[in-house]
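Listed here are the chains, written in short residue letters.
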Amino acid sequence: MTTGSAHTGSARTGSAHTGSARTASGDAELELILDAIGPRLRRLRRDRGLTLDALAATTGISVSTLSRVESGLRRPTLDLLIPLARAHRVALDQLVAAPASGDPRVHLRPLRKERGSVLVPLTQYPGRVRVFKQVLAPRAPELVTHEGYEWLYVLAGRLRLVLGEKDVTLRPGEVAEFDTTEPHWFGPDDANAVEILHLFGPRGDQAVVRAGPSTPPAPPTTPKASATTA
C-alpha cells in the first residue's frame, strides 16, 4: 500500500511537471508571435511607401502608438490590429502569423455550406472585390437583392441565372455580370452541382474587358501629293 501511494505521488508529480512544461512552451510560443507583429507591421508600412503620419491619418491611431507597436514597446491589441489590417489590405491572421518565408502557396480553407454547397475564398485581404470559387448544389430558386455588383464564370456544369424577368443558362466558359440590387438567383440548371468563379464588389465597380491593345493604334498617315510642274 505504501509503495503504491509513493508511485501515485510520483505520477502526480510527473503530471504536474509535464503540465508546467507545456504551459511554459505555450507562453514562449505566444511571446515569439507577439514579438514578430511589430517588425511585420513596420515592413508592411515601408513596402507600401507610407509614413507614420500617413498611416495615422488613415487608421485614426496616433503616431506615437504606431511607433511603439512597430518597435515592440507596446503589445498590439485587436482594436489596433483591425484598422491596420484594413489599411494595409491584408487579412488579420497575416499580421499575427505570417506564412513561411519563400512559400508562394495559398492555403485555401473551403467552407461547407448548407445542402452540400462549398465556398472557397480566393482573396485573403479586405479589398474592394472579393473572389470565391463555389460548388453549388441543387436548391430551390429564391430571389434576393442587396447592394453590390457580381461576376459569375462557369467552370463546370450548367448554371441557371434568374435576373428579374430573365432566366438564362450558362455553360462552361460563359460569363454573366449584373447589379445585385436587381432581384436575382443562381444555381445548378439540373440535378448536378455546378462549379463557378464568383466575384463580388461594391456597386459601381464593373468589369473592364479588353479585346485588343490597351493603347489605340496611331492613325494612318495620308500620303502627300507629289508636286507637278506645268
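An account of the accompanying structure is given in this report. (Residues numbered from 1 in each chain as written. Predicted model: local features only at pLDDT ≥ 70, side-chain atom pairs only at ≥ 80, totals over all residues. Heavy atoms only, no water.)

So, on to the pattern of salt bridges. Where charged atoms of side chains with opposite charge meet at close range, the side chains can pair. All chains considered together, the criterion is met by six salt bridges. Measuring nitrogen to oxygen at the nearest pair gives 2.8 Å for the salt bridge that ties Glu-195 to Lys-133. Highlighted residues: Glu-195 in strand 9 (residues 194-201) and Lys-133 in strand 3 (residues 130-136), separated in sequence by 62 residues. Within the structure, one salt-bridge network assembled from shared partners comprises Arg-42, Arg-45 and Glu-70. (Salt bridge = Lys/Arg side-chain N within 4 Å of Asp/Glu carboxyl O. Helix = DSSP H or I, 4+ residues; strand = E, 2+ residues; numbered from the N terminus.)

Turning to the side chain of Thr-59, a few remarks are in order. Positionally, Thr-59 belongs in helix 2 (residues 52-59). Separated by 2.8 Å, the side chain of Thr-59 and the backbone oxygen of Leu-55 make a polar contact. Beyond its immediate stretch of four places on either side in the chain, Thr-59 contacts Pro-83, Leu-84 and Ala-87. (Polar contact = N/O pair within 3.5 Å; in protein donor to acceptor, adjacent residues only side chain to side chain. Contact = heavy atoms within 4.5 Å.)

What follows covers the sheet that holds strand 8 (residues 184-188). The antiparallel open sheet is built from three strands, whose spatial order is 6-5-8. Edge positions in the sheet fall to strand 6 (166-170) and strand 8, since each has one partner strand and no second. Taken over all neighbouring pairs, the strand axes of this sheet differ in orientation by 15° on average, direction set aside. Both strand 5 (residues 159-163) and strand 6 contribute to a ladder of five bridges, which runs antiparallel. In the strand pairing of strand 6, Leu-159 is matched with Leu-170. (Pairing = 2+ DSSP bridges. Axes fitted to C-alpha atoms, helices over the stretch in contact; angles between N-to-C directions.)

Moving on to helix 3 (residues 63-70). Every buried residue of helix 3 is listed here: Thr-65, Leu-66, Val-69 and Glu-70. Buried residues of helix 3, seen end-on, are gathered within an arc of 130° and therefore sit on one face of the element. (Buried < 20%, exposed > 50% of the residue type's maximum accessible area, 1.4 Å probe, protein only. Arc of directions from axis to C-beta.)

As a further point, take the packing of helix 2 against helix 3. Geometry of a packed helix pair, given as the angle between the helix axes and the separation of the axes. It is at 9 Å that the axes of helix 2 and helix 3 come closest, and there the two elements cross at 110°. It follows that helix 2 is roughly perpendicular to helix 3 by the angle criterion. In the packing of helix 2 onto helix 3, the handedness of the crossing is right-handed. Counted together, Leu-52, Asp-53, Leu-55 and Ala-56 of helix 2 and Val-63, Leu-66, Ser-67 and Glu-70 of helix 3 form the full contact between these two elements. Partitioning the contact of helix 2 with helix 3 into residue classes produces five nonpolar, one polar and two charged. (Parallel < 35°, antiparallel > 145°, perpendicular 65-115°, else oblique. Left-handed = near helix turned anticlockwise from the far one by under 90°. Nonpolar A, V, L, I, M, F, W, Y, C, P; charged D, E, K, R; others polar.)

A few words now on the nonpolar core. Ranked by size, the top nonpolar core spans 14 residues in total, and within it Leu-41, Ile-61, Leu-66, Leu-81, Leu-84, Val-90 and Leu-95 carry the most contacts. Within the residue set of this core, elements represented by two or more residues are helix 1 (2-47), helix 2, helix 3 and helix 4 (78-88). Among the elements that make up this core, the one with the highest residue count is helix 4 (four residues). Residues within four places of Leu-84 in sequence aside, it is in contact with Leu-41, Leu-55, Thr-59, Ile-61, Leu-66 and Leu-95. Grouped together as the second largest cluster of nonpolar side chains are twelve residues, Leu-152, Leu-159, Leu-161 and Ile-196 included. (Core = buried A, V, L, I, M, F, W, Y, C linked by side-chain atoms within 4.5 Å.)

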